[in-house]
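# Breakdown of the fold
Residues per chain are reported as follows:
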Amino acid sequence: MSETSLTKEPEDASPATGDLVVLDSVNKHFGALHVLQDINLTIKRGEVVVVIGPSGSGKSTLCRSINRLETIDAGTITIDGDPLPQEGRELARLRADVGMVFQSFNLFAHKTVLQNVMLGPIKVRRQDKAEVETRARALLDRVGVGNQADKYPAQLSGGQQQRVAIARALAMEPKVMLFDEPTSALDPEMINEVLEVMQQLAAEGMTMVVVTHEMGFARSAANRVVFMADGRIVEEADPHQFFDNPRSDRAKDFLSKILAH
């Protein structure tokens, strides 16, 4: 992998279709609460889809369903043409293709930054340790924390830890990256350093699904904004259309509240 790019080159062997992630009539309940209601969503290769909406609208559940951190009750989810496996080795293989960056950084506290990034490719992908280390160091450089490689997560700021988490996900060379409110646990001055890395990824063509409250990122980096409320996709449009001329009353109400501050 070159040090000038965070992502790997697209493979010629990929299916002709540009559809990478497809959710078809997806439903999910938590007890009596119907958190995902008949969700239909297609994410194309290289597309950046930003999911926004009020708290409790189902955004994070949608994101977590794509790599089966949440199981769904009905409907289907396919990734690169393959249905989501139920469990076991096939599910582990799928998760290796789907990078995930969480609200909390989920780094291993007893491993160094470098070891955190190297762990997946060695344990899951069974890749050569020396090659993995070279690539891991390059990724840490690219996200701006190369000089922190030998430190432990607790010695880093929240913004640095989240950038390490992004490098760790990228080390698996995923087909798609999921971001579940990646900046919401950060202090305000650290948010931009993480968003800049995400902007760079988007510009380089990584397929991304981003659940966020950062409207500036949604406006500038998204190919498409998906607005959710009460477990449904209420509206989806390109950012210009959505922010300047939302069609639904629900979206207008949400934007009037969030953009007024």
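Remember, predicted model here, so these are calculated numbers, not experimental data. (Residues numbered from 1 in each chain as written. Predicted model: local features only at pLDDT ≥ 70, side-chain atom pairs only at ≥ 80, totals over all residues. Heavy atoms only, no water.)

## What to know about the overall build of the protein
Looking only at helices and strands, the protein has nine helices and 10 strands in total. Whereas a compact globule of 261 residues would reach a radius of gyration of roughly 18 Å, the protein reaches 18 Å, a difference of no more than 12%. Along the three orthogonal principal directions, the C-alpha set of the protein runs to about 55 × 40 × 35 Å. Long-range contacts, defined here as pairs at least 24 residues apart, represent 68% of the contacts in the protein between residues at least 6 apart. Per element, the accessible surface of the protein, about 12,200 Å² overall, is 47% carbon and sulfur. Computed over 29 positive and 36 negative side-chain charges, the separation of the two mean positions in the protein equals 5 Å. (Helix = DSSP H or I, 4+ residues; strand = E, 2+ residues; numbered from the N terminus. Rg over C-alpha atoms; globule rule 2.2 N^0.38 Å. Contact = heavy atoms within 4.5 Å. Areas by Shrake-Rupley, 256 points an atom, 1.4 Å probe, with all protein chains shown as cover. Lys, Arg positive; Asp, Glu negative; His and termini not counted. Charge placed at Lys NZ, Arg CZ, Asp CG, Glu CD.)

## Digging into the packing of aromatic side chains
By the definition in use, this model includes three aromatic pairs. Measuring from centroid to centroid gives 5.9 Å for Phe 227 and Phe 242, while their planes differ by 35°, and the two rings are tilted. Separated by 15 residues along the polypeptide, Phe 227 in strand 9 (residues 224–229) and Phe 242 in helix 8 (residues 239–244) bring together distant segments of the chain. Its relative accessible area of 0% is what places Phe 227 among the buried residues. Joined through ring pairs, the aromatic side chains of Phe 227, Phe 242, Phe 243 and Phe 254 make up one cluster. (Phe/Tyr/Trp six-rings, centres within 6.5 Å; stacked < 30°, edge-to-face > 60°. Buried < 20%, exposed > 50% of the residue type's maximum accessible area, 1.4 Å probe, protein only.)

## Overview of the packing of helix 3 (residues 113–123) against helix 4 (residues 129–142)
For the pair helix 3 and helix 4, the least separation of the axes is 9 Å and the interaxial angle reads 130°. Relative to helix 4, the element helix 3 lies oblique. In this structure, helix 3 crosses over helix 4, and the sense of that crossing is right-handed. Together, Val 113, Leu 114, Val 117, Met 118, Pro 121 and Ile 122 of helix 3 and Lys 129, Val 132, Glu 133, Arg 135, Ala 136, Arg 137 and Leu 140 of helix 4 make up the contact between the two elements. In terms of residue class, the contact of helix 3 with helix 4 is made up of nine nonpolar, no polar and four charged. (Axes fitted to C-alpha atoms, helices over the stretch in contact; angles between N-to-C directions. Parallel < 35°, antiparallel > 145°, perpendicular 65-115°, else oblique. Left-handed = near helix turned anticlockwise from the far one by under 90°. Nonpolar A, V, L, I, M, F, W, Y, C, P; charged D, E, K, R; others polar.)

## Here we look at the packing of helix 4 against helix 5 (residues 158–171)
As a packed pair, helix 4 and helix 5 sit with axes 9 Å apart at the nearest point and diverge in direction by 140°. Taken together, the axes of helix 4 and helix 5 lie oblique to each other. In the packing of helix 4 onto helix 5, the handedness of the crossing is right-handed. Packed against helix 4, whose contacting residues are Arg 135, Leu 139 and Leu 140, the element helix 5 presents Val 164, Ala 167, Leu 170 and Ala 171 at the interface.

## Notes on the UniProt feature "domain: ABC transporter" (unreviewed entry) in the protein
Under the present numbering, the feature "domain: ABC transporter" (unreviewed entry) in UniProt falls on residues 21–255. Between the C-alpha atoms that bound residues 21–255 there is a distance of 27 Å. The span itself is 39% helix and 26% strand. (UniProt positions renumbered as here; feature names shortened; annotations may be inferred.)

## Examining helix 2 (residues 88–97)
When helix 2 is considered as a whole, its buried residues turn out to be Leu 91, Leu 94, Ala 96 and Asp 97. In this structure, the buried side of helix 2 is in contact with strand 4 (74–79), strand 6 (98–101) and strand 7 (176–180).

## Quick word on the sheet that holds strand 7
Spatially, six strands are ordered 6-7-8-3-9-10 in an open sheet, and the strand pairing comes out mixed. Of all the strands in the sheet, just strand 6 and strand 10 (232–237) have a single pairing partner and so form its edges. Between one strand and the next, the sheet's axes are offset by a mean angle of 20°, whatever the strand orientation. Pairing of strand 9 with strand 10, which is carried by five bridges, proceeds in the antiparallel orientation. Looking at the pairing, Met 228 lines up with Ile 233 of strand 10. Helix 2 rests against strand 6 and strand 7 of the sheet, and its axis sits at about 70° to strand 6. Along the sheet, helix 6 (residues 188–203) makes contact with strand 3 (48–52), strand 7 and strand 8 (207–211), crossing strand 8 at roughly 145°. (Pairing = 2+ DSSP bridges.)

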